Amino acid sequence: NVVLNPTMLIKKASHAPGAIDIGLNILLKEKIWVGISARSGYGLVLLSQYQINDKILIPINIGIGTEPGLSACIYFFNTTS
């Protein structure tokens, strides 16, 4: 299975210039997300996420722009009611 997820975000805050993010994410085998996003005034961001199970998600993002960088973290979800 392959799922395409296009995204667009328009941001505007008081005392800050507006910005637009446009991206495309692809879900592979219901576990792995890969994608790319373009941010106005910044550049490109390469996106990836791995869904270990229904409670643990690990995203890793790499920025290629005016302030290049790498971000990674682990999300834990409480799915009990």
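Values in this document were obtained by computation on a predicted structure and should not be read as measured data. (Residues numbered from 1 in each chain as written. Predicted model: local features only at pLDDT ≥ 70, side-chain atom pairs only at ≥ 80, totals over all residues. Heavy atoms only, no water.)

### A closer look at the overall build of the protein chain
Cut-off, in case you're wondering: Secondary structure elements follow DSSP: runs of H or I of four or more residues count as helices, runs of E of two or more count as strands, with numbering from the N terminus. C-alpha atoms define the radius of gyration, and 2.2 Å times the number of residues to the power 0.38 defines the globule rule. Contacts were defined at the residue level, with two residues in contact if any of their heavy atoms lie within 4.5 Å. For accessible areas, the Shrake-Rupley method is used with a probe of radius 1.4 Å. Any residue's cover is judged against the shown protein chains and nothing else. Counted as positive: Lys and Arg. Counted as negative: Asp and Glu, with His and the chain ends omitted from the count. Every charge is mapped to an atom, namely NZ of Lys, CZ of Arg, CG of Asp or CD of Glu.
Scanning the protein chain for helices and strands turns up zero helices and seven strands. Starting at the N terminus, the α and β elements of the protein chain follow one another as β-β-β-β-β-β-β. Its C-alpha atoms give the protein chain a radius of gyration of 15 Å, more than 25% over the compact-globule value 12 Å for 81 residues. Expressed along its principal axes, the backbone C-alpha trace of the protein chain runs to roughly 40 × 30 × 20 Å. Pairs at least 24 apart in sequence give 12% of the contacts found in the protein chain among residues at least 6 apart. Counting only carbon and sulfur atoms, one obtains 65% of the accessible surface of the protein chain, whose full area is about 6000 Å². Taking the average location of the 6 positive side-chain charges in the protein chain and that of its 4 negative ones, the two points are 1 Å from each other.

### Regarding the side chain of Asp-21
For the record, the criterion: Polar contact criterion, stated in full: a pair of N or O atoms within 3.5 Å, where within protein one must be able to donate a hydrogen and the other to accept it, and residues adjacent in sequence count only if both atoms are side-chain atoms.
The topology assignment puts Asp-21 in strand 2 (residues 19-28). Looking at Asp-21, its side chain comes within polar contact range of the side chain of Arg-39, at 3.4 Å. Residues in contact with Asp-21, not counting those within four places in the same chain, are Thr-7, Met-8, Leu-9, Lys-11, Ser-37, Ala-38 and Arg-39.

### Brief notes about the confidence of the model for the protein chain
Stated formally: Confidence scores labelled pLDDT are given residue by residue by the predictor and lie between 0 and 100.
Looking at the protein chain as a whole, the pLDDT averages 84, with 95% of positions reaching at least 70. Across the protein chain, the secondary-structure element scoring lowest on mean pLDDT is strand 7 (residues 75-76), at 72, and the one scoring highest is strand 2, at 92.

### Let's talk about the pairing of strand 5 (residues 56-65)
Selection criterion: Any two strands between which DSSP finds at least two bridges are classified as paired.
The pairing of strand 4 (residues 43-51) with strand 5 spans nine bridges and is classified as antiparallel. Pairing of Leu-44 across the sheet is with Ile-64, part of strand 5. Inspection of the sheet shows strand 5 paired to strand 7 by two bridges, in the antiparallel sense. Directly across from Ile-56, in strand 7, lies its bridge partner Phe-76. As judged from the four bridges shared by strand 5 and strand 6 (residues 69-72), these two strands associate in the antiparallel manner.

### Some words on the pairing of strand 2
How we decide: Each residue gets one of three labels from its accessible area relative to the maximum for its type: buried under 20%, exposed over 50%, partly exposed in between, using a 1.4 Å probe on protein chains only.
Residues of strand 2 alternate between two faces, with Ala-19, Asp-21, Gly-23, Asn-25 and Leu-27 buried on one and Ile-20, Ile-22, Leu-24, Ile-26 and Leu-28 left unburied on the opposite face. For strand 1 (residues 2-11) and strand 2, the ladder comprises 10 bridges, and the chain directions are antiparallel. Bridging from a neighbouring strand, Thr-7 pairs with Gly-23 of strand 2. Inspection of the sheet shows strand 2 paired to strand 3 (residues 32-39) by eight bridges, in the antiparallel sense. Bridge assignment links Leu-27 to a residue of strand 3, and that residue is Trp-33.

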